[in-house]
Amino acid sequence: MYTQALDSPAESAGTSDEPERLERFQARIDRDEKIEPKDWMPEAYRQALIRQIAQHAHSEIVGMLPEGNWITRAPSLRRKAVLIAKVQDEGGHGMYLYSAAETLGVSRGQLIAQLLAGRAKYSSIFNYPTLSWADIGAIGWLVDGAAIMNQIPLCRCSYGPYARAMVRICKEESFHQRQGFEIMLTLARGSDAQRAMAQDALRRWWWPSLMMFGPSDAHSVHTAQSMRWKIKRFSNDELRQRFIDVTVPQAEFLGLSVPDPALHWDEATRHYQPGPIDWSELQTVLKGEGPCNHERLEARRAAHEAGRWVREAAAAYAQKHRGLEHGADAS
Amino acid sequence: MTEDWVLYEVFIRSRSGLEHKHVGSLHAADARMALEHARDTYTRRQEGVSIWVVRSSDIVASDPQEAEALFDPARDKVYRHPTFYAIPEDVKNL
Amino acid sequence: MSATADDLTAQAGPQERFEYVLRLADTSLIAGQRLAALLGHAPALEEDLALGNIALDLIGQARLLLALAGRIEARGRDEDALAFLRDAQEFRNVSLVEQPNGDFAQTIVRQCLLDAWQLEMYESLAGSRDLQLADIAQKAVKECRYHWRFSAGWLVRLGDGTDESRARVRSALDTLWRFTDELLTPDVLDARMAVCGIGPAPVLIRERWQTRVRATLAEGGLEWPRHQHYRWHGKRGEHTEHLGHLLAEMQALPRAYPGVTW
């Protein structure tokens, strides 16, 4: 029902974007109706969704790498199992999201080709290195915490397959942030060396986590239209503020200091007020010049290239044995 | 030479007594692999006791453009529903 | 178990039982450690998930078995003390599992040869006189059945896929086949455990393993590889060079910061 059926989405492109149709489409969204794959949708909506879902899917896949970096060195067997399960979940989430994108008439192969060619975006955060075990805690606590802020509202987004994927993802992710905080808590209550490790991780991951929400609203290109289409439900700055408000007390609980001397509680707004964010750093990382952009893409490319003969072999085998089914009869 | 695998839709029966429900899709080279991938991807948290996989291209779907013709005519057939019939309250077992 | 009435009087001592359980535990642990390193680097996203599941099963088996070994030893070592604070010579895994991941053919061949062995071992161990071991085996055997289904499926696909995949899988079989003798040839401890009704009769494992692997190789159009005579003794602590490197990485943190909680 999905990709193949949608290979030519623009069947009535000539007349499709007429104002009346657009109006009816917007009315459906305003009524909180879900848009489903074969429904008519404006080409710009389709493209915006593909861009957003693909970016999200790529982030999950690239996001496997910084944490995967510590699987072989996890310091206990329990931590190792948890980390494997978590990195594996991220792969699964990438799959769910690529699946959702494929309902819009683009194939996963195309999307991955764009990623490997360096033409697709993914979350800037994964271009930072994981230098100590505490980084695994910090990623779970901060990065997954920030991701959840972003993702929970998307469970109600206007596009059905995307919303359903997000429901599944949020359900599965609920343990990710908790395990990260648990690592931080164990380190914070551990030896001096462990506490220093935790503090150093917070120092390095705090600002990149804030940047994960994207540029400030004043400079965000897509926000207004995306909000109207309900493929984005809160602005970057709103979500960032919400993240700061819940995270600062958690850092205090851990006895760790947030690396922002200007950070303070503002009684008037009832919010924590952070110091200025260094947006030039975000721009650098987005441009591909962050600390690990090169390594991350190289790792994805290497896996893709090394796997080509395997995918070809399986396809060739299937070709030879077509019609050979291994399952039971459906009933 | 192709390295493209086929897109399959995945349906999971969450426990016996319930119907299979669509949960998502995946890529696999053959049917056996599709079942394994479905198991490995969609039942990691005991979500299922039975799996169907179907090639996406084998699914025939109704066209949303025809939705009015297909589904609206059922709207005024209210007599198909039990609440359409007025029965005095003291009549039991009906 | 095939223990006769006479044999049932034989009792295994704690040291023997400890050693034997460690063989199973370390084999699962090292195999899991190897597979887990592939997460994020598999040939397809779906395979990342599949390998992750197998790695998790193996680590899970290792944890149960190491905990059991620790209880048998009764010197206060828990699963982590045994996993992270022993040197390579104290590891009792079969040499096969410490071999590097190599290309996907090598990973699959290693896994396949192991899965066939673990499946038969745990089938038998599920009826062990050691009830705690039997318990673990009953859980593990279900996992191994799926691992075998997965790896055997891939062995056939690669064998009967393209010229390149056939060449690669042949080469992997040639590289890894020399470690299969260790799986199938009993030493004194294997024989003792069989006599005590704790472990399976080695000859049974050998026959079933060969039947299983032979059928799968045939289905993939692959020949039974040439026998190689050198005998490896990972299960008594004589390993290949690879294990030391694997452990140096795996054990780095607990070794660098002794005595803390993670």
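Values in this document were obtained by computation on a predicted structure and should not be read as measured data.

S.K.: How should helix 2 (residues 45-73) of chain C be read in this particular structure?
M.R.: Since the α-helix turns once every 3.6 residues, residues separated by three or four places project in the same direction. Residues and elements named next belong to chain C. Taking 1.5 Å as the rise per residue, helix 2 with 29 residues should run 42 Å; its terminal C-alpha atoms sit 42 Å apart, in good agreement. Counting buried positions along helix 2 gives 23 out of 29 residues, so the element sits mostly inside the fold. One or two residues past the end of helix 2 sits Ala 74, with phi positive at roughly 55°.

S.K.: Whenever I open this one, the side chain of C:Ser28 confuses me. Can you help?
M.R.: Residues and elements named next belong to chain C. Looking at the secondary structure, you find Ser 28 in helix 1 (residues 14-36). Among the residues examined, Ser 28 registers a relative accessible area of 0% and is labelled buried. If we skip the residues at most four places from it in the chain, Ser 28 touches Leu 58, Gln 61, Ala 62, Gln 118 and Tyr 122.

S.K.: Would you explain the interface of chain C and chain B in this entry?
M.R.: One frequently used descriptor of interface size is the decrease in accessible area upon assembly of the parts. Residue-level contacts link 14 residues of chain C with 14 residues of chain B. Roughly 1,300 Å² is buried in total at the junction of chain C and chain B, and carbon and sulfur atoms are behind 51% of that figure. Our count for the chain C to chain B interface comes out at two salt bridges. Linking B:Asp30 and C:Arg157 is a salt bridge whose minimum nitrogen-to-oxygen distance equals 2.8 Å. Applying the counting rule to chain C against chain B returns eight residue pairs in polar contact (both at pLDDT 80 or more). Secondary-structure elements contributing two or more residues to the side of chain C that touches chain B are helix 2 and helix 5 (131-159) of chain C. Considering each element in turn, the side of chain C that touches chain B owes the most residues, seven residues, to helix 5 of chain C. Of the residues assigned to the side of chain C that touches chain B, the class counts are seven nonpolar, three polar and four charged.

S.K.: Looking at this structure, I do not really get the packing of helix 4 (residues 104-125) of chain C against helix 9 (residues 202-219) of chain C. What am I missing?
M.R.: When two helices pack together, their arrangement is given by the angle between the helix axes and the distance between those axes. All names here are of chain C. Running from N to C, helix 4 and helix 9 cross one another at 135°; their axes reach a closest spacing of 9 Å. Overall, the two elements helix 4 and helix 9 adopt an arrangement that is oblique. Regarding helix 4 and helix 9, the two cross each other, and that crossing is right-handed. Contact residues: helix 4 offers Leu 113, Ala 116, Trp 117, Leu 119, Glu 120, Met 121 and Ser 124, while helix 9 offers Ile 205, Arg 208, Trp 209, Arg 212 and Val 213. Tallied by class, residues from the contact of helix 4 with helix 9 come to eight nonpolar, one polar and three charged.

S.K.: Whenever I open this one, the nonpolar core confuses me. Can you help?
M.R.: One recurring pattern in soluble globular proteins: nonpolar side chains tend to sit buried together. In this structure, A:Tyr45, A:Trp133, A:Trp206, C:Trp154 and C:Leu158 are the most contacted members of the largest nonpolar core, which totals 200 residues. Sorting elements by how many residues they give to this core places helix 2 of chain C first, with 14 residues. Beyond its immediate stretch of four places on either side in the chain, A:Tyr45 contacts A:Phe25, A:Ile29, A:Ile35, A:Ser158, A:Tyr159, A:Trp229 and A:Ile231.

S.K.: Looking at this structure, I do not really get the interface of chain C and chain A. What am I missing?
M.R.: Tallying the contact residues gives 47 residues for chain C and 46 residues for chain A. Buried surface at the junction of chain C and chain A, summed over both partners, amounts to about 3,900 Å²; 70% is from carbon and sulfur atoms. Counting the surface chain C buries against chain A, the share from its top three residues, C:Leu39, C:Leu45 and C:Trp262, is 19%. Taken together, chain C and chain A are joined by two salt bridges.

S.K.: Any chance you could explain the packing of aromatic side chains here in plain terms?
M.R.: Residue and element names in this part refer to chain A. Tallied over the entire structure, the rule returns 22 aromatic pairs over all chains. For the pair Trp 265 and Tyr 272, a centre-to-centre distance of 5.0 Å together with 70° between the ring planes defines the contact as edge-to-face. A relative accessible area of 36% means that Trp 265 is categorised as partly exposed. In this structure Tyr 272 comes out as buried when scored by relative accessible area, which is 13%. Ring-pair connections join several aromatic residues into one group, and the members of that group are Phe 25, Trp 40, Tyr 45 and Trp 229. Across the ring face of Tyr 96, the terminal group of Arg 168 is positioned such that the distance to the ring centre comes to 5.4 Å.

S.K.: What am I meant to see in empty space enclosed by the protein here?
M.R.: In this approach a probe as big as a water molecule rolls over the atoms, and the regions it shows empty are the leftover space. Residues and elements named next belong to chain C. With the rule as written, the count across this model stands at two cavities of 30 Å³ or more. Considering only enclosed or pocket space, the largest cavity measures out at about 190 Å³ in volume. For the largest cavity, the lining is made up of 18 residues, of which Trp 117, Met 121, Leu 183, Asp 190 and Lys 235 are closest to its centre. For the lining of the largest cavity, the secondary-structure elements that each account for two or more residues are helix 1, helix 4, helix 7 (180-184) and helix 9. With four residues, helix 1 is the single largest residue contributor to the lining of the largest cavity. Across the lining of the largest cavity, the residue classes tally to eleven nonpolar, two polar and five charged.

About the cut-offs
- Residues numbered from 1 in each chain as written.
- Chains lettered and ligands numbered in written order.
- Predicted model: local features only at pLDDT ≥ 70, side-chain atom pairs only at ≥ 80, totals over all residues.
- Heavy atoms only, no water.
- Helix = DSSP H or I, 4+ residues; strand = E, 2+ residues; numbered from the N terminus.
- Expected span 1.5 Å × (residues − 1).
- Buried < 20%, exposed > 50% of the residue type's maximum accessible area, 1.4 Å probe, protein only.
- Contact = heavy atoms within 4.5 Å.
- Buried area = accessible area lost by both parts, 1.4 Å probe.
- Salt bridge = Lys/Arg side-chain N within 4 Å of Asp/Glu carboxyl O.
- Polar contact = N/O pair within 3.5 Å; in protein donor to acceptor, adjacent residues only side chain to side chain.
- Nonpolar A, V, L, I, M, F, W, Y, C, P; charged D, E, K, R; others polar.
- Axes fitted to C-alpha atoms, helices over the stretch in contact; angles between N-to-C directions.
- Parallel < 35°, antiparallel > 145°, perpendicular 65-115°, else oblique.
- Left-handed = near helix turned anticlockwise from the far one by under 90°.
- Core = buried A, V, L, I, M, F, W, Y, C linked by side-chain atoms within 4.5 Å.
- Phe/Tyr/Trp six-rings, centres within 6.5 Å; stacked < 30°, edge-to-face > 60°.
- Lys NZ or Arg CZ within 6 Å of the ring centre and 35° of its normal.
- 1 Å grid on protein atoms, 1.4 Å probe; cavity = no way out; pocket = protein on both sides within 12 Å on 5 of 7 lines; lining within 4 Å.
- Points joined across faces, edges and corners; volume = space filled by probe spheres on them.

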